[in-house]
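What follows is the residue order along each chain.
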Amino acid sequence: MEAATTSNYSPEEIKQIRFEYKTLLKSVDMKNDTDRKNIRAAFELAVDAHHKQRRKSGEPYVLHPIEVARICVQEIGLGPTAVICAFLHDVVEDTDVTLEDLEEQFGSKVTMIVDGLTKLDKAFDIKSPQAENFKKILQTLTKDVRVVLIKMADRLHNMRTLGSMPKHKQLKIASETAFIYAPLAHRLGLYNIKTEYQDICMKITDYENYKMIANKLAATKVQRNAYIDSFIDPIKRELDETGLKYRILGRPKSISSIWKKIQTKKVPFEQIYDLFAVRIILDVSAKMEKRKSWLVYSVVTDYYKPIPERLKDWISTPKSNGYESLHTTVVGPEGRFVEVQVRSERMDEVAERGFAAHWKYKKMYSENVFDYWINSIRELLEAPSTDALEFVNDFKANLFSEEVYVYTPKGDMRILPKGATPLDFAFGIHTQIGSHCTSAKVNGRMVPLGYKLENGDKIYLTTSANQKPNMAWLDMVITSKAKSNIRTAIRKERNKAGELGKEALMRKFNSIKARWEEDNLNIIVKVFNISSHLELYYEISQDKSWLSNLKKFEVKNGKLIFIKKVEAPVNRPRISIPKHRKKAVDQPKLLINGENGEKYKYSLSNCCNPVQGDLVFAFNAVGAGVKIHRTICPNATSMMANYGHRIMKAEWASLNNIDFVADLTITGTDGRGVVQQLTNVITDLGIDMRSITMTGIEGIYEGKISVFVNNTNTLNNLIITLKQEKGVNSVIRTN
Ligand code: MN
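Let me sum up the structure you'll find in this document. (Residues numbered from 1 in each chain as written. Predicted model: local features only at pLDDT ≥ 70, side-chain atom pairs only at ≥ 80, totals over all residues. Heavy atoms only, no water.)

**Re the overall build of the protein chain**
Point 1. Scanning the protein chain from terminus to terminus reveals 28 helices and 23 strands.
Point 2. Expressed as a percentage of the 735 residues in the protein chain, the buried residues total 49%.
Point 3. A fraction of 67% describes how many contacts in the protein chain between residues 6 or more apart in sequence connect residues 24 or more apart.
Point 4. Carbon and sulfur atoms make up 51% of the accessible area of the protein chain, which totals about 36600 Å². (Helix = DSSP H or I, 4+ residues; strand = E, 2+ residues; numbered from the N terminus. Buried < 20%, exposed > 50% of the residue type's maximum accessible area, 1.4 Å probe, protein only. Contact = heavy atoms within 4.5 Å. Areas by Shrake-Rupley, 256 points an atom, 1.4 Å probe, with all protein chains shown as cover.)

In structure tokens form, the structure reads like this:
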């Protein structure tokens, strides 16, 4: 056995594998000898099973499961069972080892988790739409959260080592991560992992801006640290006098979050003042943590003036992913805003490691926000047949949102996503209450059913047996539970109405001597372009005169035959050539999937306006030809994640002398004569303008300029030149 296991590893590799394993063992919290024995056995099995495989980088494959186990232990805080499962997570998928083998050796729990992980991998089959996969992930999550937590570690290691993959695979994995894993990590309270996911995604899809911010962070490090020191100094002196045990950290925010700020606030890097947050972590007993946190708050605000609306107390009411902390923003030296976060060591562990840490402290704290969340997922999954894509979109809308805390008339607290309405609340309590809800009172006052609930609202509902959901309700709710219930009710209602339509159609068939058969129904829906038989029945039930349309058919031996050659009312999607293209005949030259792009009918998408030189990909929009998008297109993530199989690699074949449209947003001060000034700069560079609009308030202006450029070099040159103009604050390319 030993000989077989090691035959494909070099002596150095065996040494490395053993070393990594030994290092990992030191950080595993083992309860007994069984743990030790099983971990050892799982390790040996993984080394043996993967001995023929190598990673893209050339390393022995088994280093991957070892590293995944290390992340599980050190970065998520999981225990021995997770280590065993992490070691084994790829063996069933990639080697001859079977689930039965695992069951025999490690028992049913480990087997169930490994099976869940294997199923998750299979879920990402290129042909199955990713929306289905998301549902599968949630299903495994409700069985044992560790399946998803280990998957998070697996994904993290794959992201960290993405460099050895071809570019288009990188893009696909990155978008899947941005679409599914990052929001889930957020929801499970794994903030560090979420942030790292997002940073790696940005590095792949938007390398230039990533690099720009990374460089600037490095260049300002010394200056920033000096500032943090001067900010912390007086607080430290004061805290030392109180005798509290604490530590203070001043860390920069992540690259992707800084970039998000630059874009939403439209200010350059240099003007983002809260590039870092100061965190004060207290070593106190559970009983004292809230009181002492407020003491620290009081010390901080004795020195620096707080901005009242930026005070967030997540200690009294934790976020529903378990996050607890006290946040405030104060005015520091030189008038700069500084965010200060105060929390206990326990809260910090929960914030850094999320779910796993929360488990550890579960016994200490009765209210378990995770249980609440997982229960709501379970309910949602059990809801009758929702379309997978609808499900995902609803769920995502709920995943990212903050919460409001509201109360039943009896005073029970309910957590709902921010923006939820009395209808959401009603469906949250029970489907029957939601479906029959007629009106709502909030804090004693009548409100519309679509009213947006606020923290502390007390809700009283009235219902009636005659009430039923309608289409308009869909716009009044935001929770997935309410949405899916309303949709189901409407569908049922339509099917019921459809029964009447069906009977009417049967009678009609009878009178014209047509046979009631599949073929006859099919030809009707085809000729009139109706999506299904059910839809046809519904149409007839709503308008009986529709049946006169059957005059267009002739009946021969019970068969319907279409007589008149009528153009089928199909709206064919047209590929429009954007009006602005000056030389509409010139197509930019592209290589799609490594082949000459002429093979495909392609066009540039209007949503992100690619310019020659941008990183792009091709999306096969069925029926509308192939569309070229920028990798940072706002729609890219959802396209790639949901329709990964329609993504093709695209590269500019050669730089041609063709005009592309690019839009810029410029902000600056003193708007007088600015249009003239900017127009001069642009025309001096020999660039044609398409449009320019300016808005200004109190000496600050924002301008939108649309220009024609040949390629990204010209465009970047223009941006740099504009930035150097007097009074110009920022220049950003916008979609
Ligand atoms: Mn793996």
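From this point, the discussion proceeds with the structure in view.
**Brief notes about unusual backbone geometry**
Point 1. Look at K266: it is not a glycine, yet its phi comes out positive at around 50 degrees.
Point 2. Judged by relative accessible area, K266 falls into the partly exposed class, the value being 24%.
Point 3. Of note, the phi angle at E334 is positive, near 60 degrees, even though the residue is not glycine.
Point 4. On the basis of relative accessibility, which here comes to 67%, the residue E334 falls in the exposed class.

**Quick notes on the sheet that holds strand β14 (residues 590–592)**
Point 1. Across the sheet, which stays open at both edges, the 6 strands sit in the order β15-β14-β19-β17-β18-β16 with mixed pairing between neighbours. Two strands in the sheet have a free side with no partner beyond their single neighbour: β15 (595–596) and β16 (602–604).
Point 2. Direction of pairing for β14 relative to strand β19 (residues 647–652): antiparallel, over a ladder of 3 bridges. Paired with L590 across the bridge in β19 is W652. (Pairing = 2+ DSSP bridges.)

**Description of the environment of E270**
Point 1. Of note, E270 is situated in the loop between α15 (255–265) and β2 (276–282).
Point 2. Given the relative accessible area of 49%, E270 is considered partly exposed.
Point 3. A polar contact of 3.1 Å, which involves the side chain of E270, links it to the side chain of K216. (Polar contact = N/O pair within 3.5 Å; in protein donor to acceptor, adjacent residues only side chain to side chain.)

**Regarding the packing of aromatic side chains**
Point 1. Taken as a whole, this structure holds 14 aromatic pairs when the rule is applied.
Point 2. Ring geometry for F43 and F87: centres 5.9 Å apart, planes at 55 degrees, overall tilted. Taken as a pair, F43 in helix α3 (residues 33–49) and F87 in helix α5 (residues 80–88) lie far apart in primary sequence, 44 residues in all.
Point 3. Both rings, one in F553 and one in F562, keep their centres 5.7 Å apart while their planes meet at 50 degrees; by these two values the pair is tilted. (Phe/Tyr/Trp six-rings, centres within 6.5 Å; stacked < 30°, edge-to-face > 60°.)

**Quick notes on the coordination of the manganese ion**
Point 1. The coordination sphere of the manganese ion contains the protein donors H64 (NE2), H89 (NE2), D90 (OD) and D154 (OD), at a distance range of 2.2 to 2.5 Å.
Point 2. Read from N- to C-terminus, the donor residues coordinating the manganese ion fall into the pattern H-x24-H-D-x63-D. In this pair, D90 sits in the loop between α5 and α6 (91–94) while D154 sits in helix α10 (residues 145–160), placing the two residues 64 residues apart along the sequence.
Point 3. Overall, the relative accessible area of 5% leaves D90 in the buried class.
Point 4. Take D154: its relative accessible area is 4%, and that puts it in the buried class. (Donors = N, O, S within 2.8 Å, 3.2 Å for Na, K, Ca; no water.)

**Brief notes about a negative patch on the surface**
Point 1. A cluster of like negative charges, contributed by E100, D101, E103 and E104, occupies part of the molecular surface.
Point 2. Within the secondary structure layout, D101 lies in helix α7 (residues 99–106). (Patch = residues over 30% accessible without salt bridge, like charges linked within 9 Å, V, L, I, M, F, W, Y side chains within 5 Å. Salt bridge = Lys/Arg side-chain N within 4 Å of Asp/Glu carboxyl O. Lys, Arg positive; Asp, Glu negative; His and termini not counted. Charge placed at Lys NZ, Arg CZ, Asp CG, Glu CD.)

**With respect to the pattern of salt bridges**
Point 1. Counted under the stated rule, the structure contains 28 salt bridges.
Point 2. We note a salt bridge from E75 to R70, for which the minimum N-O separation is 3.0 Å.
Point 3. Notably, a salt bridge pairs E75 with R160, separated by 2.8 Å at the nearest N-O pair. Here E75 is found in the loop between α4 (63–74) and α5, whereas its partner R160 is found in helix α10, with 85 residues between them in sequence.

**What to know about the sheet that holds strand β11 (residues 459–463)**
Point 1. Spatial strand order, β10-β9-β11: 3 strands in an open sheet with antiparallel pairing. The open sheet has two edge strands with one neighbour each: β10 (445–447) and β11. Taking the axes of each pair of neighbouring strands and ignoring which way they run, one obtains an average angle of 35 degrees across the sheet.
Point 2. Inspection of the sheet shows strand β9 (residues 437–442) paired to β10 by 3 bridges, in the antiparallel sense. Opposite A440, over in β10, you have V447 as the bridge partner.
Point 3. Here helix α21 (residues 422–429) sits on the sheet in contact with β9, β10 and β11, set at roughly 75 degrees to β11. (Axes fitted to C-alpha atoms, helices over the stretch in contact; angles between N-to-C directions.)

**With respect to the nonpolar core**
Point 1. F87, L88, I150, M152 and Y197 are the most contacted members of the largest nonpolar core, which has 78 residues in total.
Point 2. Aside from chain neighbours lying at most four places away, what touches L88 is A42, L45, L102, F106, V110 and V114.
Point 3. By size, the runner-up hydrophobic cluster in this structure holds 38 residues, among which are I213, I262, F276 and V278. (Core = buried A, V, L, I, M, F, W, Y, C linked by side-chain atoms within 4.5 Å.)

**Structural notes on the packing of helix α2 (residues 11–27) against α3**
When two helices pack together, their arrangement is given by the angle between the helix axes and the distance between those axes.
Point 1. α3 packs onto α2 with a crossing angle of 155 degrees between their chain directions and a minimal axis gap of 12 Å. On the basis of their axis angle, the class for α2 and α3 is roughly antiparallel. Two packed elements cross with a definite hand, and for α2 against α3 that hand is right-handed. In this structure, α2 uses I17, R18, Y21 and L25 to contact α3, whose residues at the interface are I39, R40, F43, E44 and V47. (Parallel < 35°, antiparallel > 145°, perpendicular 65-115°, else oblique. Left-handed = near helix turned anticlockwise from the far one by under 90°.)

**Observations concerning the environment of C437**
Point 1. Residue position: C437 is located in strand β9.
Point 2. Here the alpha-carbon distance between C437 and T463, two residues 26 residues apart in the chain, equals 4.3 Å.
Point 3. With sequence-adjacent residues up to four places away left out, C437 is seen in contact with L423, A426, L449, L461, T462, T463, Q467 and W473.

**Topic: the packing of helix α14 (residues 221–242) against helix α16 (residues 289–303)**
Point 1. Relative orientation of the contacting elements α14 and α16 amounts to 135 degrees, with a least axis distance of 10 Å. With respect to their mutual orientation, α14 and α16 come out oblique. Here α14 and α16 pass one another in a crossing that is right-handed. When α14 is examined against α16, the residues P234, I235, E238 and L239 are found in contact with a partner set consisting of V296, V299, V300 and Y303.

**Examining the pairing of strand β18 (residues 626–630)**
Point 1. Burial runs high along β18: 4 of the 5 residues are buried.
Point 2. Across 3 bridges, β16 lies against β18 in parallel orientation. When the sheet's bridge partners are listed, L604 is paired in β18 with I628.
Point 3. As paired strands, strand β17 (residues 616–620) and β18 are joined by 5 bridges and run antiparallel to one another.

Geometric descriptors of this kind do not, in isolation, establish any biological role.
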